[in-house]
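# Structure at a glance
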Amino acid sequence: HLSSPEARYLLSPLPLFQEFVLSEDYNKMTPARTYQAHQGRVTVVLFVLEMEWLLSTGQDKNFTWHCSESGQQLGTYRTSAWVSGLQFDVETRHAFVGDQSGQVTILKLEQDSCSLVTTFKGHTGNVTALCWDPVTRVLFSGSSDHSIIMWDIGGRKGTAIELQGHNDKVQGLCYASHTRQLISCSSDGSIVIWNMDVTRQETPEWLDSDSCQKCEQPFFWNFKQMWDSKKIGLRQHHCRKCGQAVCGKCSSKRSTIPLMGFEFEVRVCDSCHESISDEDRAPTATFHDSKHSIVYMHYEPTTGNLLTSGTDKVIKVWKSTRSVCCV
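In this text, all values refer to a predicted model and were calculated from it rather than measured experimentally. (Residues numbered from 1 in each chain as written. Predicted model: local features only at pLDDT ≥ 70, side-chain atom pairs only at ≥ 80, totals over all residues. Heavy atoms only, no water.)

Helices and strands together make up the secondary structure of the protein chain, namely 2 helices and 28 strands. Here the protein chain holds 327 residues, and the buried ones make up 46% of them. Contacts in the protein chain between residues far apart in sequence, at least 24 positions, make up 39% of those at least 6 positions apart. When the accessible area of the protein chain is evaluated, it comes to approximately 16,900 Å², of which 49% is carbon and sulfur surface. Of the charged side chains in the protein chain, 32 are positive and 36 negative, and the gap between their average positions amounts to 7 Å. (Helix = DSSP H or I, 4+ residues; strand = E, 2+ residues; numbered from the N terminus. Buried < 20%, exposed > 50% of the residue type's maximum accessible area, 1.4 Å probe, protein only. Contact = heavy atoms within 4.5 Å. Areas by Shrake-Rupley, 256 points an atom, 1.4 Å probe, with all protein chains shown as cover. Lys, Arg positive; Asp, Glu negative; His and termini not counted. Charge placed at Lys NZ, Arg CZ, Asp CG, Glu CD.)

This is the structure in structure tokens:
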């Protein structure tokens, strides 16, 4: 749910969401309006105070926006898959829509119409979380493929930085702009705090080759070279630092590459392994165990508190990565 100063909007397992007026002592909620916005279960509701808009998405693959004053539906857009992540930029009126196909769509919203700006895809799993920072104009997307991608929207160069620090589905993303830290959580209970005040590097594209680009041994599908050289074909791997196609013997080493987003050890070729210094291996993230399977996370920048709720029906409040209150 997301709230306005006077009302609170609640998701429902039904194809609707509801508006309630809160009493001054916060002890009573009075129903005010029901929005029949979708024909499938509502997945995300986002209130935009500056525009007096209510954005919503559902499993019916529709993205809609309503006027919060009149309750009137202003427009709708059909997505290619049902939406699981939604963010909005007030300055440009751009809506960022992440869906179950792993795609992120950018829409330009007007009062009663919208237009497609662009789409991009970098995840192999569905998008599970989105976070937009209007100051740096960077969009973060988390996925069931355990990865996070930082999309530099403001730079206009198509830069996409990968962050690999989870072993399970990414459930939530929050950005602390005053400390330039990204906070991510996953369903296995891990919370990762990423230092984004460093110069990060894009991961290289994986190169195609019929033979190892180090020792020139043929890969197992390269029948001609296997026959000519009378050698058994080898399995193909890729170095995560240079992107070259290599055999197992030429990529027997493992290393972290934090500035490329690899906080866990990954396969690198022998020459790249020699080039990675101890300084290059210095971690750019810290890891914390919430001790419950997280389904929702919220960061409050004014207090610095982080809230997580889990499948264990426990809500935890964290301060400086240490739990100070459990409810």
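Still to come is the rest of the account.
A full pass over the atoms with the stated rule returns 7 salt bridges. We note a salt bridge from E110 to R93, for which the minimum N-O separation is 3.7 Å. With E110 in the loop between strand 11 (103-109) and strand 12 (114-121) and R93 in the loop between strand 9 (83-89) and strand 10 (94-99), the pair connects residues that are 17 residues apart, well separated along the chain. With relative accessibility at 33%, the residue E110 sits in the partly exposed group. (Salt bridge = Lys/Arg side-chain N within 4 Å of Asp/Glu carboxyl O.)

This part is about the domain arrangement of the protein chain. Interface extent is often summarised as the accessible area lost during association of the parts. Assigned domains within the protein chain: domain 1 (6-199 + 283-317) and domain 2 (221-279). Placing a centre on the C-alpha atoms of domain 1 and another on those of domain 2 gives a separation of 37 Å. Listed by partner, the interface residues are 13 residues for domain 1 and 7 residues for domain 2. Of the roughly 750 Å² buried where domain 1 meets domain 2, counting both sides, 61% is carbon and sulfur surface. At the junction of domain 1 and domain 2, the tally comes to 0 salt bridges. For the interface between domain 1 and domain 2, the tally reads 3 residue pairs in polar contact (both at pLDDT 80 or more). (Domains from an automatic or database assignment. Buried area = accessible area lost by both parts, 1.4 Å probe. Polar contact = N/O pair within 3.5 Å; in protein donor to acceptor, adjacent residues only side chain to side chain.)

This brings us to the confidence of the model for the protein chain. Across the protein chain, the average pLDDT comes to 88, with 92% of residues at or above 70. Within the protein chain, the element-level pLDDT minimum falls on strand 28 (residues 322-326), averaging 42, and the maximum on strand 14 (residues 138-143), averaging 96. Taken as a whole, residues 321-327 scores under 50 in pLDDT and shows 14 contacts with residues more than four places along the chain or in a different chain. (pLDDT = per-residue confidence, 0-100.)

Before going further, it helps to examine the pairing of strand 4 (residues 29-35). As paired elements, strand 3 (residues 17-22) and strand 4 share 6 bridges and run antiparallel to each other. Bridging across to strand 4, F20 finds its partner in P31. Between the antiparallel neighbours strand 3 and strand 4 lie 6 residues, among them Y26 with a positive phi of about 65°. (Pairing = 2+ DSSP bridges.)

On to the nonpolar core. Counting 17 residues, the largest nonpolar core has W53, L55, F63, W65, L86, F88 and L109 as the members making the most contacts within it. Of all the secondary-structure elements, those providing two or more residues to this core are strand 5 (42-48), strand 6 (53-58), strand 7 (62-67), strand 9, strand 10 and strand 11. Other than its neighbours up to four places away in sequence, F63 contacts L55, S56, T57, G75, T76, Y77, T79, L86, A95, L107 and L109. V138, M150, W194 and M196 belong to the second-largest nonpolar core, a separate cluster that totals 16 residues. (Core = buried A, V, L, I, M, F, W, Y, C linked by side-chain atoms within 4.5 Å.)

Attention now moves to the sheet that holds strand 5. Strand order across the open sheet formed by 4 strands is 5-6-7-8, with antiparallel pairing between neighbours. A strand with exactly one partner marks an edge of an open sheet, and here the two such strands are strand 5 and strand 8 (73-78). For this sheet, the mean angle separating the axes of adjacent strands, direction not counted, is 15°. Relative to strand 8, strand 7 runs antiparallel, the two sharing 5 bridges. Bridging from a neighbouring strand, N62 pairs with R78 of strand 8. (Axes fitted to C-alpha atoms, helices over the stretch in contact; angles between N-to-C directions.)

Per the UniProt record, "repeat: WD" (unreviewed entry) is found at residues 120-153 and 163-197. Span residues 120-153 is 0% helix and 62% strand, its end C-alpha atoms 11 Å apart. (UniProt positions renumbered as here; feature names shortened; annotations may be inferred.)

On to the side chain of D99, then. In this fold, D99 is placed in strand 10. One buried charged residue, D99, forms no salt bridge at all, with the nearest opposite charge on K121 at 6.9 Å. A polar contact of 3.5 Å, which involves the side chain of D99, links it to the side chain of S80.

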